[in-house]
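Chain by chain, the residues:
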Amino acid sequence: MHPQTTSTCHSRKRTSTGRNAVLLSLLSCAALSLASDMADDVDIFHGALGKADFFPTAVRPFGLSSIGPNWRFGVTTYSCTHIQGTGGSKWNYLAPTFALSTGAFSPDASGLKLPARFETLQYEGAVDGLRVGAKSLGYTAEIVATLRGGLVAVKATDGKPLNIVFPVGYYAPHLKNIGTCSLSESKGVWSVEVMQETTVPVYGRFEFNVAPQAAGSFSKGKIAQGPASVSGDEENLAGLFLTFPAGVEVRFRLGVSFTDLNGARCNLATEIPHWSAEKIREDSRKEWQQQLKRIRVTGGTGSQRRLFATALYQACLAPHVYEDADGRYRAFEKKAFKAIGKARQRPEVYLLKAPRHHQYATFSGWDTFRTQMPLLALIEPQRYADMCAALIEMGQQVGLPRWPLANKPVTTMVGNPIEHILATGRSHQVGGVDYLAALSLMQKSMENQGSSEFCLADDYNGTAALAALAGYLGKQDVAEKWWIKTLGYRPFYDPAKAYFVHSKQGQSVAESLSANNVDKRNNDNSITSMEGNRDTYVWYNAIWDPDGTAQLLGGYEPALARLKTYVVSDLADFSNENDLHVPFIATLWGDPGLTRTTLQNILPTMFQDASPQGRPGNDDCGTMSAWLLLVQSGLYSYNPACGWYVLTAPAFPKVEIDLGRGGKPLVITAAGDSEKALIQQVASNGVPRPEPWLLASDLCQGGQLDFKLGTGHSNWANKPSTPPLPFRSASPRNGSPSGSLR
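Residues numbered from 1 in each chain as written. Predicted model: local features only at pLDDT ≥ 70, side-chain atom pairs only at ≥ 80, totals over all residues. Heavy atoms only, no water.

A. Expanded view of the packing of aromatic side chains. Under the counting rule described, the total for this entry stands at 26 aromatic pairs. Where Phe166 meets Phe206, the ring centres are 4.7 Å apart and the plane angle is 55°; that geometry is what we call tilted. Of the two residues, Phe166 is situated in strand 10 (residues 162–168) and Phe206 in strand 13 (residues 201–208); the sequence distance between them amounts to 40 residues. Side by side, Phe166 and Phe206 carry an identical accessibility label, which is buried. Here the guanidinium or amino end of Arg562 rests over the ring plane of Tyr499, the centre of that ring lying 5.3 Å away. (Phe/Tyr/Trp six-rings, centres within 6.5 Å; stacked < 30°, edge-to-face > 60°. Helix = DSSP H or I, 4+ residues; strand = E, 2+ residues; numbered from the N terminus. Buried < 20%, exposed > 50% of the residue type's maximum accessible area, 1.4 Å probe, protein only. Lys NZ or Arg CZ within 6 Å of the ring centre and 35° of its normal.)

B. Seen up close, the layout of surface pockets. As a volume, the largest pocket reaches approximately 730 Å³. Every element with two or more residues in the lining of the largest pocket is listed here: helix 4 (302–314), helix 17 (592–606) and helix 18 (623–633). It is helix 17 that contributes the most residues to the lining of the largest pocket, 5 residues altogether. Residues belonging to the lining of the largest pocket are distributed by class as follows: 14 nonpolar, 10 polar and 4 charged. (1 Å grid on protein atoms, 1.4 Å probe; cavity = no way out; pocket = protein on both sides within 12 Å on 5 of 7 lines; lining within 4 Å. Points joined across faces, edges and corners; volume = space filled by probe spheres on them. Nonpolar A, V, L, I, M, F, W, Y, C, P; charged D, E, K, R; others polar.)

C. Molecular detail of helix 3 (residues 277–292). When the terminal C-alpha atoms of helix 3 are compared, their 22 Å separation across 16 residues agrees well with the 22 Å that a helix rising 1.5 Å per residue should span. Along helix 3, the positions that sit buried rather than exposed are Ala277, Ile280, Arg281, Ser284, Arg285, Trp288, Gln289, Gln291 and Leu292. (Expected span 1.5 Å × (residues − 1).)

D. Representation of the packing of helix 8 (residues 417–427) against helix 11 (residues 462–472) within the structure. The interhelical angle for the contact between helix 8 and helix 11, taken along N-to-C directions, is 30°, at an axis separation of 9 Å. By the criterion of interaxial angle, the relationship of helix 8 to helix 11 is roughly parallel. Here helix 8 runs over helix 11; the crossing is left-handed. Along the contact surface, helix 8 presents Glu419, His420, Ala423, Arg426 and Ser427, while helix 11 presents Gly462, Ala465, Leu469 and Tyr472. (Axes fitted to C-alpha atoms, helices over the stretch in contact; angles between N-to-C directions. Parallel < 35°, antiparallel > 145°, perpendicular 65-115°, else oblique. Left-handed = near helix turned anticlockwise from the far one by under 90°. Contact = heavy atoms within 4.5 Å.)

E. Local environment of the sheet that holds strand 33 (residues 703–710). If you trace the 6 strands from one edge of the open sheet to the other, you get 19-28-29-33-30-31, paired in mixed fashion. Each of the sheet's edge strands pairs with one partner strand only, and the pair in question is strand 19 (295–298) and strand 31 (687–688). Where strand 29 (residues 666–671) lies against strand 33, 6 bridges are found, and the strand directions are parallel. Its bridge partner being in strand 33, Thr669 is matched across the sheet by Asp706. (Pairing = 2+ DSSP bridges.)

F. How the structure looks around the pattern of salt bridges. Counting across every chain of the model gives 28 salt bridges. With a closest N to O distance of 2.6 Å, Glu193 and Arg265 form a salt bridge. Of this pair, Glu193 sits in strand 12 (residues 189–197) while Arg265 sits in helix 2 (residues 261–271), placing them 72 residues apart in sequence. For Glu193, a relative accessible area of 10% corresponds to the buried category. A relative accessible area of 34% places Arg265 in the partly exposed class. The network of salt bridges with common partners includes Glu193, Arg205, Glu207, Arg253 and Arg265. (Salt bridge = Lys/Arg side-chain N within 4 Å of Asp/Glu carboxyl O.)

G. Looking closely at the pairing of strand 18 (residues 250–257). With 8 of 8 residues buried, strand 18 lies mostly within the body of the structure. In this sheet, strand 18 lies alongside strand 9 (residues 149–156) in antiparallel orientation, the contact comprising 6 bridges. Within strand 18, the position partnered with Val154 by the bridge is Val250. Looking at chain direction, strand 13 and strand 18 are connected through 6 bridges and run antiparallel. Each residue of the ladder has a partner; that of Glu207, found in strand 18, is Arg253.

H. Layout of the sheet that holds strand 32 (residues 693–695). Reading across the sheet, the 3 strands line up as 26-27-32 and stay open at both edges, with antiparallel pairing between neighbours. A single partner strand is all that each edge strand has here, and the edge strands are strand 26 (635–639) and strand 32. With strand direction ignored, the average angle separating the axes of adjacent strands in the sheet is 35°. Where helix 18 meets the sheet, it contacts strand 26 and strand 27 (644–647), and its direction lies at approximately 120° from that of strand 26.

Worth remembering: the numbers are spatial, not functional.
Okay, here's the thing in structure tokens:
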């Protein structure tokens, strides 16, 4: 993939047995004589097979463009935008699309698919680019990316002509697809422009460095030669094709925009005024090297370092930059349209204004509020401020969204997770955010919950986030009002059934706050969680009310006994978000040993160094990756809105976190390397800390956090301890934050 140099390439191969051999070489020299760094450890193919739903692509940190092949959801062309780790095409873009083939061009949909499964292809890739090739393909393609565009260098290797095709319309059963595309030639330069909509409209401009030997359009199975414009929809496959001589390397550069074709033209002209894939690759590597320095680890095994570096890479892909190079971007749609292509007025175009650096889009809120967003609040405060500003602007246009996809207020999933993301900014001392405006929007979005007689299940207690933000802003009465609402779950616990139950037998599910409130499998009015069950919901409110949850379950001792049973049962699913906090409940209840044991049991199945597999569930825009990063750093973002972090044994002797605030870093050390070792002592800046938690406001100051690990019995944190709420002073039992990192 890279030119020959005298430096040593750090490469690694993953080969499966039998016919399905996968070459996964991380070649990252690119004429750079650099010592090994975390960029060398990133495996962009990890999770490409299995349930993680990753697409290996060429992409920059939080990049708008993400270019690579598709093989999921019945789509096997190439796309210029991807969302990583979501569970279906309706939560993705996969556009604009292009296909590569050799031989005589055919307008049939079968010619738009990779003629091989992912397992049989040869891939080479790293943070700086991707190369695809296999004998069965008949070509090799090298792909590199800028923030809003990229470049593809492709060459036929089977002695046949090369076809580059731009399809719009129906060609994959699981991909709704409409669009228009045009082919033109000006001053010897051939170009293609596309508007394609799978979930939202995406625009692209493509320019070619050599002239084709043939070019034209196709629609309804018929081919026409020469420049043209065509449209396709779910009833008709149409598109454009360019055919090049065998053996000729063709380079095409591209710009992508969510605004309009002018945006795609601007992004291409601004970011790629040349034809050098090598320069783009080198710039990309440097940018990723800087990004991956945000968290640096020392020691650990090779597998641990690979998984950690890869997780950091995967946690820095979303939310993505949304505005064009000239600062323009589309406002939010006023309502969610279920049918693509439905006639509607496009939202107006906004212009990004200082001091903001970027407009961000696509927040997988239900997932990311737990881990990925607090991680970004820790290490990327300036970027996080822009993200909060984007969410506030969305809220002012259409109300706070739940799972916004580009400029579309998608209503998938449940609850009020965006409220948590906004409150997390304040708990992590992210400046430059209009938190008063955020609080006003949060109150408006929670009006229904405010008037309802109860607050249950899948509102994901936006009430708790609202109370926290009000507390930070000194609005005690508002905080207390919403905190009381947060605790409204307590009366629904039925000690006889040992579950939470709906108070009104036979009440229609639609009349409750959650579409999943009644456990339909048992039809017993048990309260459940989205993507969970009645057992999952038992632990849900412990995120903000660990003391209250313990008391409902009969006190700390019986609560811990039930927790011990749950974490080893088939009912727990640590590959999904509902249970991510559950291991750490034990620490707050006085049993950090149970947390340690649980993590040791689940980590080997949650994250395996078995690329291209190794992940048992969706990553959901960095959620699961961020979980691994936090846990192996010795911290878990237990309740981000309130700024609660639970301490746990680090996986590395040393972790250094650049907090992005211009001050000292947060340095975490662990003495003692036994896998079965328990935390014997924790010290912050040399001062012993008996409490098993720290506040985000303390972590953001930087400093030293030292763990002493050892085998045998430990008395550390062996009594229940809960962090203080933002609107309440610390209770005597909790102690004060005086032992913090300040």
